[in-house]
Amino acid sequence: MAVMGKTRSVLRLAGRVINEAVSFIIFSILDLLDFLLCFVYKVADFFIEAEWKPCYCSSAKEAITSSGKILVSEQGESKIVCLSSSKLQLEEISDTLYARPSLLSEVSKSTVKELKRLKMEGTMIQSCEKIKKGTVRSTFTVNSTIVEMLQGRIGGQQSHPIPRWSDCDCKSCTSWTSSCKETLFVRADGAKDKAREDVLFIHGFISSSAFWTETLFPNFSRSVKSTYRLFAVDLLGFGRSPKPTDSLYTLREHLDMIERSVLEPYKVKSFHIVAHSLGCILALALAVKHPGSVKSLTLLAPPYFPATKGEQAAQHVLRKVAPRRVWPVISFGASIACWYEHISRTVCLLICKNHRLWEFLTKLVTRNRIRTFLLEGFFCHTHNAAWHTLHNIICGAAGKLDGYLDTVRDHLKCDVNVFHGRDDELIPVECSYNMQSRIPRARVKVIENKDHITIVVGRQKAFARDLEEIWRKSSE
């Protein structure tokens, strides 16, 4: 037995070393490829759209201000000013959008490090003299285009959120452009007139409302459908919801759209929330914003990675979710999506823009024997939506989660239930236990032999019964 144990340890260590070595080579090549694709897309955008589109490789300021926002900077953090005819709002963006160190960037930094050091030695003397004289103070700078942008917005100048050439322009993906109301796609089911309670379902990253409507909705009991109103939304940028090209898909934008599309038009006063993965972050933010309205929180695979003191939360989550490893495969896919702006755009160009072809081929190969709602949810988004939602919600909101959880623990009386698949390779089970340590009353249920998707898909009947029991107890 001892020999067997040592053999497993050696094999495990060898596998880890091989994985890291292969990963280093592969991601070094991908760093170079993304660098080259940056120039390819700049040229393509210029010739096809007659406009030079900035990206986060070159300048975060250009990438943000080109979308109709104003970049405001303070030392250590970045925010944007959003303008409309009646509002001026300040909100945070994630620094992982423009601070993702690659092999090329590290080599570049090391070559100029000595020059910067020499330059700093000269400027430090001048800075110290200014501090002594009291001429240096904390600054809050606004981009110089603020005057022109204010004039344009106040003058009624509107943006034109049309799809880019690399996005799908099919009727399903662009149906929102023909509507005068910019609201999310909402699938409502259950009681119509005499609803006793409401439930809001929020899907995860690169998914859609079909994750719930094709699994849980058909499996709820008649009593639930006669007393509850069930609302499943396609988040901003996904499924059949609007996909504006000038949006940065921040936390505020996502929450505002949920409120405008569900809570306000349906006059929802109190409600239960069921959320999966990325949707758990939005669920917590929504609960904190409406503390007296939420009756229960049910979170599936919440991406909660508490950072150590002094560690930058967004960067910590980026490395946890996307560790730049080729194995497991789901981590490799997450690393491509998180670290490479232009490679991920190429994936969207090949898959999302041609999603109708891929859906047809899937049905042809499987002889239409499997339901393709998961593929449809995976295909129906734009690169701009996926890229900014991933960084501004999963990474950017990481620094807020501790505060959200503390508020839920101390000021909300709602039940908190957390479900997690034991075999989840994307969001480890420790995330749920971390959340329970922050909210002791939270009940964590780990489902054996289930992963990030099969925690619902494949066990929808059992999970529907779990939810009904949770709602019943919350009502009592």
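Everything that follows concerns the structure shown earlier in this document.
Residues numbered from 1 in each chain as written. Predicted model: local features only at pLDDT ≥ 70, side-chain atom pairs only at ≥ 80, totals over all residues. Heavy atoms only, no water.

1. Notes on helix H11 (residues 329–339)
Part 1 of the reasoning: Every buried residue of H11 is listed here: Ser331, Ala334, Ser335, Ile336, Cys338 and Trp339.
Part 2 of the reasoning: Buried positions along H11 lie against helix H1 (2–49), helix H10 (313–321), helix H12 (341–351) and helix H15 (383–395). (Buried < 20%, exposed > 50% of the residue type's maximum accessible area, 1.4 Å probe, protein only. Helix = DSSP H or I, 4+ residues; strand = E, 2+ residues; numbered from the N terminus. Contact = heavy atoms within 4.5 Å.)

2. A few points about empty space enclosed by the protein
Part 1 of the reasoning: Summed over the entire model, instances satisfying the criterion amount to one cavity of 30 Å³ or more.
Part 2 of the reasoning: Counted as a void, the largest cavity has a volume near 80 Å³.
Part 3 of the reasoning: Every residue lining the largest cavity is counted, eleven residues in all, and those nearest its centre are Asp167, Cys168, Cys173, Lys243 and Thr382.
Part 4 of the reasoning: Classifying every residue of the lining of the largest cavity by side-chain character gives seven nonpolar, two polar and two charged. (1 Å grid on protein atoms, 1.4 Å probe; cavity = no way out; pocket = protein on both sides within 12 Å on 5 of 7 lines; lining within 4 Å. Points joined across faces, edges and corners; volume = space filled by probe spheres on them. Nonpolar A, V, L, I, M, F, W, Y, C, P; charged D, E, K, R; others polar.)

3. Things to note about the environment of Ser207
Part 1 of the reasoning: Assignment of secondary structure puts Ser207 in the loop between strand E6 (197–202) and helix H6 (210–213).
Part 2 of the reasoning: Along the primary structure Ser207 and Glu376 are separated by 169 residues, whereas in three dimensions their C-alpha atoms are 8.1 Å apart.

4. Here's the deal with the packing of aromatic side chains
Part 1 of the reasoning: Applying the stated criterion to the full structure yields 17 aromatic pairs.
Part 2 of the reasoning: On the numbers, 6.3 Å between centres and 50 degrees between planes, the contact of Phe217 with Phe220 is tilted. Here Phe217 matches Phe220 in class, with each residue buried.
Part 3 of the reasoning: Centroid distance Phe231 to Tyr266: 4.6 Å. Interplanar angle 50 degrees. Geometry classified as tilted. One end of the pair, Phe231, is in strand E7 (residues 228–233); the other, Tyr266, is in the loop between helix H8 (251–263) and strand E8 (271–276), and 35 residues separate them in sequence.
Part 4 of the reasoning: Its relative accessible area of 2% is what places Phe231 among the buried residues.
Part 5 of the reasoning: Three or more aromatic residues joined by ring pairs make a cluster, and in this case those are Phe201, Phe211, Trp212, Phe217, Phe220, Tyr228 and Trp471.
Part 6 of the reasoning: The side chain of Arg324 reaches across the aromatic face of Trp339, ending 4.9 Å from its centre. (Phe/Tyr/Trp six-rings, centres within 6.5 Å; stacked < 30°, edge-to-face > 60°. Lys NZ or Arg CZ within 6 Å of the ring centre and 35° of its normal.)

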